[in-house]
Amino acid sequence: MAHPFAITLDVGSSLANRTGSWRNVRPDYVHRLPPCNDACPAGEDIQGWLAEAEAGDYEAAWRSLTRNNPLPAIMGRVCYHPCEGACNRARIDATVGINSVERFLGDLALEKGWRFAPPAQESGKRVLVIGAGPSGLSAAYHLRRLGHAVTIREAGPMVGGMMRFGIPKYRLPREVIDGEVARIAAMGVEIVCDAKVDNIAGAMKEGGFDAAFLAVGAHIARRAYIPAGGAAKVLDAVSVLRSMEGEEKPLLGRRVVVYGGGNTAIDVARTAKRLGAEEALIVYRRTRDHMPAHDFEVEEALEEGVMMKWLSTIKNVEAGSITVEKMVLDETGFPQPTGEFETLEADSVVLALGQDVDLSLLDGVPGLRIEDGVVRVGPDMMTGAPGIFAGGDMVPSERTVTVAVGHGKQAARHIDAWLRGEIWAPPPRNEIATFDKLNTWYYGEAPATVRPVLDLVRRTSSFDEVVKGLDETNAVFEARRCLSCGNCFECDNCYGVCPDNAVKKLGPGKGFAFDYEYCKGCGVCAQECPCGAIAMVPEEL
Amino acid sequence: MADTIDVAATDETSQKLRYYQKGTFTVGNRLVDAAARTVQASEERSNALTSGHRACQGCGEALGARYALDTAMRATGGRLIAVNATGCLEVFTTPYPETSWQLPWMHSLFGNAAAVATGVAAALRVKGKSDVRVIAQGGDGGTTDIGFQCLSGMFERNDDVLYICYDNEGYMNTGVQRSSATPPAARTATTPAVGEEPGNVFGTGKFVPRIAVAHRIPYVATATVADLHDLERKVTKAMAIRGARYLQIDVPCPLGWGAASHDTIRLARLAVETGFYPIFEAEHGRVTGVRKIRDPRPVADYLRPQKRFAHLFRAGHEDPRVARLQAMCDANIEEYGLVDDETTG
Amino acid sequence: MLKQIEGSKAMAEGIAACRPQVICAYPITPQTHIVEGLGELVKDGHLQGCEYINVESEFAALSVAIGASAAGVRAYTATASQGLLFMMEAVYNAAGLGLPIVMTLGNRAIGAPINIWNDHSDAMSVRDAGWLQLFAETNQEAVDLHIQAFRIAEELSMPVMVNVDGFILTHAVERVDIPSQADVDAYLPPFEPMQVLDPDEPASIGAMVGPEAFMEVKFLAHYKQTQALRLITKNAGEFRARFGRDSGGLIRSYRTQDAETIVIAMGSVCGTIKDTIDEMREEGFPIGLVTIVSYRPFPSAALRNALAGAKDVVVVEKAISVGMGGPLAIDVDEALRNLPHAPQLHSVVAGLGGRPILKASLHRIFREAVVQPWEGTQFLDLNVRVVGREIHRSAKTRRSGPTAEALLRHLAAEERDGTEKGRH
């Protein structure tokens with residue numbers, strides 16, 4: 001067709017007009033740190049494995065997860081999920097049930113028998129890990145992945161540390177612990193039980209270890225001076241819970257008083273109930289608001305019939321009864337004695353006043369600094385003694401399983417670098433994907449048909465459904481509620497909303513690229529990116 | 001009031017998509033088959049309007065035109081001809097020697113797009129090429145004012161043309177003058193924000209979609225660039241019908257509205273969520289469906305980001321006309337049933 | 001086939017034989033019978049493969065034709081006067097886009113004041129638009145010009161306007177030879193567009209052209225019209241060969257060989273003029289006529305040849321360019337300007353608004369042009385008394401009211417007075 005001059009134009013001729021020259025700001029694809037990732041003490045890439053789980057790639061999700069944390073089935077039961085507390089979704093309807101999905105993946109892995117791959121190469125270095133609790137197991141796992149020969153020496157008869165001996169079975173079934181630990185051992189980690197180490201320097205030299213990671217935890221029950229009559233039955237929570245693992249269950253009697261306000265106190269009280277106590281009473285010197293125990297645990301305990309006595313301290317214990325003094329909070333919130341006393345019936349008193357670390361193995365090790373009963377470590381998790389690292393409850397930390405797991409991973413990285421004569425510098429953290437960076441209109445409301453299930457899901461106690469005859473709608477639904485904060489999930493919005501057709505789609509899994517020849521810098525893409533994965537930056541002029 | 005249908009729940013695909021959460025409203029969704037995604041999500045989309053055009057940054061009309069035409073191209077297997085009225089869309093896409101249209105396209109005059117399209121459709125019928133379909137398109141100026149006669153004629157004859165009006169509420173190409181689609185109180189160059197009643201006056205204006213409904217043509221719908229799924233569904237539905245059809249798309253104009261270029265879609269969304277722009281469908285003279293408001297918002301949320309309404313918020317006071325605009329929105333909400341009695345979500 | 005037939009109907013049959021594919025119709029006196037005739041031919045199946053569309057205005061009519069033509073079919077419409085003005089934008093648009101639309105103009109005066117009778121003011125109002133403008137002298141030529149028009153339009157890719165005097169040609173019943181379908185098919189091949197809206201070969205038609213190329217576009221349009229001069233002559237020749245008669249072409253000369261006075265005119269008035277010339281020739285007056293058939297492109301060269309020996313040229317036309325003079329006279333003047341011995345030009349404006357042009361008046365004015373020439377434009381048979389009275393009246397009072405109504409009152413007053421109507 002011969003086109004009349006100027007009146008009729010050929011297709012494609014506008015491409016000669018490079019409108020990219022118009023802009024003074026430019027869009028860039030960025031990765032922002034999801035608040036869940038940021039909050040996770042174990043440094044999991046939660047958003048990453050949720051993205052795989054939502055697509056139904058469960059094994060891939062599990063492998064992504066375990067790249068950072070080898071114990072998801074345990075985490076899914078005992079972690080206090082600070083991720084959920086930080087989750088941006090909470091500001092739309094409710095937080096994503098991350099913990100529930102982690103449990104689902106962990107249990108699925110156990111069911112399917114998914115294994116960890118052994119390392120591709122051996123480094124030739126040997127690392128000694130002391131303590132088969134969460135911190136030690138995590139360190140051993142990560143060190144093994146990096147190719148080092150690892151031996152765990154556990155003082156107790158079984159692996160698990162506080163997971164087995166501090167957390168009751170109804171929260172953490174023992175098969176779960178055994179399953180997840182076995183998987184680590186199967187990588188080639190040597191685990192020796194009943195092998196307490198008294199002298200770290202000697203143990204290292206004897207075993208030819210190039211470095212050591214100490215994770216002995218805090219197993220020594222803190223005691224308080226409470227006058228007690230001869231026949232009074234006063235126990236400590238640590239040993240009570242530990243003895244639950246043995247053949248003989250502790251005899252606590254019909255009326256059990258637990259002294260303390262932390263999670264351990266709750267665990268003991270609920271354990272007492274399960275052992276048949278008619279009455280389990282927690283005595284705490286302040287009020288519920290001040291209790292260190294997590295609120296949901298208090299709730300569950302109350303649901304189970306545990307009773308609470310606030311603002312009380314135990315003055316003395318006799319056989320069959322205790323005397324408590326009423327306290328009142330002063331202006332600073334500190335409890336003050338009132339001089340009013342009360343007698344309560346009690347067959348036993350269990351003290352849950354905190355735990356201390358058994359530091360004896362560190363005797364004679366030069367360079368260590370011990371403060372407030374814990375070992376000081378640098379940001380590289382190394383103690384004052386070169387080559388001796390420590391983590392978990394024995395170093396200053398928030399004492400949770402997840403934090404301990406995080407320490408193990410951190411320490412492993414630093415140990416690995418130290419063994420090579422290098423320093424491991426953590427990569428700079430990306431900007432956090434805060435709520436204001438999201439465009440939440442795109443995240444749909446939970447449809448009414450699935451709402452009843454969602455209500456169930458929101459009650460964290462009820463994810464037993466996931467274990468029993470899994471209904472995919474639960475775990476996958478939860479995973480799909482993730483907003484993917486700060487990380488592109490290939491929703492095609494940028495590709496679709498550009499008025500200038502200046503976004504190129506690179507293919508599934510490959511994301512997008514801006515066509516800067518034509519991008520005018522309008523910013524619609526950044527505005528309409530649901531998850532805040534695009535930033536507008538000024539052009540250099 | 002006709003039965004209202006929450007259109008997102010009508011068919012099975014939509015139902016499944018709702019379960020998919022993130023993909024329900026986004027352009028694409030990696031978790032569903034390509035066939036169930038929008039046209040815009042596809043790498044095969046026609047890009048009927050491609051890069052290199054001279055629209056302002058963030059132009060809603062450029063976006064709306066590509067959305068609508070790509071959908072129509074898919075619906076017709078690429079057998080489509082477009083006739084364009086004079087206006088922004090025509091000017092920024094075909095300045096000699098560059099055209100950014102990739103489909104057969106014609107521009108005649110300001111007021112005759114509907115009539116020219118009628119001629120094209122007749123020619124195609126005569127040539128036995130009825131598989132080739134015709135879209136006429138123009139801005140609100142070229143549709144509701146100067147193009148109204150030809151539009152009404154095309155409707156009355158039930159010519160087989162889909163007319164798409166890109167409504168940015170003013171004559172933008174000539175420098176932001178008032179059209180009969182300009183909302184009350186809005187500042188334009190011919191309704192300046194001065195004097196006793198700054199901006200456009202109340203009691204004027206024309207809502208052509210209802211006039212189209214009154215013509216009893218087979219299909220009428222309104223849509224916005226903020227809801228791509230809805231827009232594509234409507235274009236696809238329209239292309240399956242023979243006869244006169246009308247689609248009016250709300251397309252914010254950053255320049256004319258005095259808004260940030262990145263706010264284009266956000267403003268269209270707010271126009272819907274405040275009830276300012278009712279989204280509905282009608283067939284043969286009766287309203288058959290509406291798009292419910294997901295998250296109702298007060299009209300001030302829509303007005304504030306636009307400088308064309310800035311005079312309503314001077315010195316921290318809210319002009320009483322904001323309340324009148326709110327009443328207008330409330331009337332829309334009631335008339336079309338845009339908000340469910342029970343809260344959603 | 002010979003028929004005693006109304007001009008409009010004859011044209012309808014001739015146009016139908018050209019196989020138009022889209023016809024848009026909007027009624028306006030005096031062309032309405034043409035489109036009505038075509039409508040019947042479509043509806044009763046005589047004209048097949050054609051869509052007949054009743055549009056809502058002339059603007060829509062030409063717009064529909066534009067769309068149809070751009071989509072690659074033969075398109076036709078008709079209008080007059082006010083309707084032409086209403087579609088004025090589209091008239092320029094069709095020419096600018098180079099679409100080969102054929103349109104009949106049933107020449108009619110333009111208001112205000114509203115007037116439904118014949119003159120050429122409507123054709124004159126679009127002479128700059130870029131359409132070819134052909135003027136028919138008889139009903140036969142009216143039919144024939146349409147057939148030629150389609151062919152010229154499609155070869156050139158330009159729209160063509162066929163002008164037929166309203167009422168005089170459109171409504172007169174005469175003997176016309178309607179060409180056969182076979183002959184028309186042989187003369188007029190199927191339409192092959194220079195550009196077309198086609199999904200298989202997409203293009204953008206109707207770009208915005210800025211200062212850098214607009215002059216070139218206009219030059220090319222102007223140039224095309226000069227090519228049209230050759231094409232019109234060629235087509236008329238082929239028409240004669242096929243149909244056996246002279247129709248169309250650029251100009252026609254009548255008794256000009258030894259004429260000292262040559263009259264120039266367009267359209268049906270040429271018939272009256274020829275009668276007058278015959279009578280004057282009887283009296284020994286050396287006078288002849290050049291009929292201009294193609295007004296646009298303007299046949300300057302052909303005219304110069306035809307007028308070479310004349311001493312006086314009298315232009316008789318049915319239009320006035322208010323404030324300037326007779327447009328045809330101005331155009332003729334331009335053509336003659338640089339001749340070494342240019343004849344004297346005398347401009348006569350006659351028949352405005354359908355005023356009958358009488359032979360007696362022509363006799364008088366042709367003689368006057370030679371013997372007592374005038375300056376500027378001469379209005380034939382002007383009622384000087386009425387005009388004088390009106391000029392006087394409106395000079396006296398500021399708020400003098402509408403002129404037209406006042407003139408009518410003067411005329412009525414004259415009749416009442418029984419005074420003979422003042423004739424010049």
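A. Broad picture of the overall build of chain C. For chain C, the count of helices and strands is 15 helices and 16 strands. Taking 424 residues into account, the globule formula puts the C-alpha radius of gyration at 22 Å, and chain C, at 22 Å, falls close to it. With the principal axes as the frame, chain C shows a C-alpha extent of 70 × 55 × 55 Å. A buried classification covers 57% of the 424 residues belonging to chain C. Restricting the contact set of chain C to residue pairs at least 6 apart, pairs at least 24 apart contribute 79%. Of note, chain C has its 39 positive side-chain charges centred 6 Å away from the centre of its 51 negative side-chain charges.

B. Region of the structure containing the pattern of salt bridges. All names here are of chain A. Across all of its chains, the model carries 88 salt bridges over all chains by this definition. Glutamate 245 serves as the salt-bridge partner of arginine 174, at 2.5 Å between the closest nitrogen and oxygen. One end of the pair, arginine 174, is in helix 9 (residues 174-185); the other, glutamate 245, is in the loop between helix 11 (237-243) and strand 9 (255-259), with 71 residues separating them in the sequence. Here the two residues arginine 174 and glutamate 245 agree in accessibility, since each one is buried.

C. Highlighting the interface of chain A and chain B. With 59 residues of chain A at the contact, the number on the chain B side is 53 residues. Buried surface at the junction of chain A and chain B, both sides included, amounts to about 4,900 Å², of which 51% is carbon and sulfur. Across the chain A-chain B interface, the total number found is 2 salt bridges. A:Glu528 is paired through a salt bridge with B:Arg269; the nearest N and O atoms lie 2.9 Å apart. Seen at the junction of chain A and chain B, the total is 32 residue pairs in polar contact (both at pLDDT 80 or more). At the level of elements, strand 1 (8-10), helix 2 (46-54), helix 17 (472-481), helix 18 (493-497), strand 20 (503-507) and helix 19 (524-528) of chain A are the ones that each hand at least two residues to the side of chain A that touches chain B. In terms of residues, the side of chain A that touches chain B owes the most to one element, helix 17 of chain A, which gives 7 residues. Grouping the amino acids of the side of chain A that touches chain B by side-chain chemistry returns 28 nonpolar, 16 polar and 15 charged.

D. Structural view of the sheet that holds strand 11 (residues 307-309) of chain A. Residue and element names in this part refer to chain A. As summarised here, the arrangement of the 5 strands in space is 8-15-9-10-11, forming an open sheet in which the pairing is parallel. Each of the sheet's edge strands pairs with one partner strand only, and the pair in question is strand 8 (234-236) and strand 11. For this sheet, the mean angle separating the axes of adjacent strands, direction not counted, is 25°. Relative to strand 15 (residues 348-351), strand 8 is paired through 3 bridges, and the arrangement is parallel. Paired with aspartate 236 across the two strands is leucine 351, which belongs to strand 15. This element, helix 12 (residues 263-274), spans strand 9, strand 10 (279-283), strand 11 and strand 15 of the sheet and lies at about 165° to strand 10.

E. Structural detail: the packing of aromatic side chains. Counting across every chain of the model gives 26 aromatic pairs over all chains. Pairing A:Trp62 with A:Phe116 gives two aromatic rings, centres 5.3 Å apart and planes at 5°, and the pair type is stacked. Note that A:Trp62 is positioned in helix 3 (residues 58-66) and A:Phe116 in the loop between helix 6 (98-112) and strand 3 (126-130), a separation of 54 residues in sequence. Classification of A:Phe116 by relative accessible area gives buried; the value is 9%. Among the aromatic residues, those joined into a ring-pair cluster are A:Tyr29, A:Tyr495, A:Phe512, A:Phe514 and A:Tyr516. For the cation-ring pair, B:Arg269 lies above A:Trp441, with the distance from its terminal atom to the ring centre recorded as 4.2 Å. Between the NZ or CZ atom of B:Arg308 and the centre of the ring of B:Trp257, over which it lies, the distance is 3.9 Å.

F. Representation of the sheet that holds strand 10 (residues 251-254) of chain C within the structure. All names here are of chain C. The sheet built from 6 strands is open, its strands ordered 10-12-11-14-15-16 with mixed pairing. Lying at the two open borders of the sheet, with one neighbouring strand each, are strand 10 and strand 16 (377-379). With strand direction ignored, the average angle separating the axes of adjacent strands in the sheet is 25°. Where strand 10 lies against strand 12 (residues 287-292), 4 bridges are found, and the strand directions are antiparallel.

G. Region of interest: the domain arrangement of chain A. Along its sequence, chain A is carved into domain 1 (19-31 + 488-538), domain 2 (36-114 + 453-479), domain 3 (126-218 + 357-419) and domain 4 (226-353). For domain 2 of chain A versus domain 4 of chain A, the separation of C-alpha centres amounts to 33 Å.

H. Layout of the packing of helix 3 of chain A against helix 6 of chain A. All names here are of chain A. Their axes nearest at 10 Å, the elements helix 3 and helix 6 cross at an angle of 105°. Taken together, the axes of helix 3 and helix 6 lie roughly perpendicular to each other. Residues Tyr58, Ala61, Trp62 and Leu65 of helix 3 pack against Glu102, Phe104, Leu105, Gly106, Leu108 and Ala109 of helix 6. Classifying every residue of the contact of helix 3 with helix 6 by side-chain character gives 8 nonpolar, 1 polar and 1 charged.

I. Fine view of the interface of chain A and chain C. Of the residues lining the interface, 10 residues belong to chain A; the matching set on chain C comes to 17 residues. When chain A packs against chain C, the two sides together hide about 1,200 Å² of surface, and 69% of this comes from carbon and sulfur. Our enumeration of links across chain A and chain C arrives at 0 salt bridges. Joining chain A to chain C, the criterion identifies 4 residue pairs in polar contact (both at pLDDT 80 or more). Looking at the side of chain A that touches chain C residue by residue, the classes come out as 8 nonpolar, 2 polar and no charged.

J. View of the confidence of the model for chain A. Predicted confidence across chain A gives a mean pLDDT of 89, with 94% of residues reaching 70 or more. Here residues 447-471 of chain A is a poorly scored stretch, pLDDT under 50, and it has 34 contacts once near neighbours within four places are set aside; other chains count.

K. A look at the pairing of strand 10 of chain A. Residues and elements named next belong to chain A. For strand 10, a buried count of 4 out of 5 residues is recorded, marking the element as mostly surrounded by other parts of the structure. Where strand 9 meets strand 10, 5 bridges bridge the pair, whose relative direction is parallel. In the sheet register, tyrosine 259 faces strand 10, and the bridge partner there is valine 283. Regarding topology, helix 12 serves as the crossover connection from strand 9 to the parallel strand 10, and that connection is right-handed. Both strand 10 and strand 11 contribute to a ladder of 3 bridges, which runs parallel. Across the sheet, valine 283 pairs through a bridge with lysine 309, a residue of strand 11. Crossover connection from strand 10 via helix 13 (residues 295-303) to parallel strand 11: handedness right-handed.

L. Representation of the packing of helix 6 of chain A against helix 9 of chain A. All names here are of chain A. Contact pair helix 6 / helix 9: the axes reach a minimum separation of 11 Å and the direction vectors enclose 70°. By the criterion of interaxial angle, the relationship of helix 6 to helix 9 is roughly perpendicular. Between helix 6, through Gly106, Ala109 and Leu110, and helix 9, the contact on the second element is made entirely by Val176, Gly179, Glu180 and Arg183.

M. Geometry of the domain arrangement of chain C. With domains assigned, chain C is organised as domain 1 (2-243), domain 2 (251-379) and domain 3 (384-423). Put simply, the middle of domain 2 of chain C and the middle of domain 3 of chain C, counted by C-alpha atoms, are 31 Å apart.

N. Inspection of the side chain of A:Glu490 at higher detail. Residue placement: A:Glu490 occurs in the loop between helix 17 and helix 18. One buried charged residue, A:Glu490, forms no salt bridge at all, with the nearest opposite charge on B:Arg30 at 6.0 Å. For A:Glu490, the side chain forms a polar contact with the main-chain nitrogen of A:Gly509, separated by 3.0 Å. Once residues within four sequence positions are removed from consideration, A:Glu490 is found in contact with A:Gly507, A:Pro508, A:Gly509, A:Lys510, A:Gly511, A:Phe512 and B:Arg30.

O. Representation of the state of the cysteines in the model. What the rule picks out here adds up to 0 disulfides over all chains. Free of any disulfide, A:Cys531 has its nearest neighbouring cysteine sulfur in A:Cys529, separated by 3.8 Å. As a non-bridged cysteine, B:Cys59 has B:Cys56 as the owner of its nearest cysteine sulfur, 6.5 Å distant.

Calculation criteria
Residues numbered from 1 in each chain as written. Chains lettered and ligands numbered in written order. Predicted model: local features only at pLDDT ≥ 70, side-chain atom pairs only at ≥ 80, totals over all residues. Heavy atoms only, no water. Helix = DSSP H or I, 4+ residues; strand = E, 2+ residues; numbered from the N terminus. Rg over C-alpha atoms; globule rule 2.2 N^0.38 Å. Buried < 20%, exposed > 50% of the residue type's maximum accessible area, 1.4 Å probe, protein only. Contact = heavy atoms within 4.5 Å. Lys, Arg positive; Asp, Glu negative; His and termini not counted. Charge placed at Lys NZ, Arg CZ, Asp CG, Glu CD. Salt bridge = Lys/Arg side-chain N within 4 Å of Asp/Glu carboxyl O. Buried area = accessible area lost by both parts, 1.4 Å probe. Polar contact = N/O pair within 3.5 Å; in protein donor to acceptor, adjacent residues only side chain to side chain. Nonpolar A, V, L, I, M, F, W, Y, C, P; charged D, E, K, R; others polar. Pairing = 2+ DSSP bridges. Axes fitted to C-alpha atoms, helices over the stretch in contact; angles between N-to-C directions. Phe/Tyr/Trp six-rings, centres within 6.5 Å; stacked < 30°, edge-to-face > 60°. Lys NZ or Arg CZ within 6 Å of the ring centre and 35° of its normal. Domains from an automatic or database assignment. Parallel < 35°, antiparallel > 145°, perpendicular 65-115°, else oblique. pLDDT = per-residue confidence, 0-100. Right-handed = clockwise from strand over helix to strand, strands pointing away. Disulfide = S-S within 2.5 Å.

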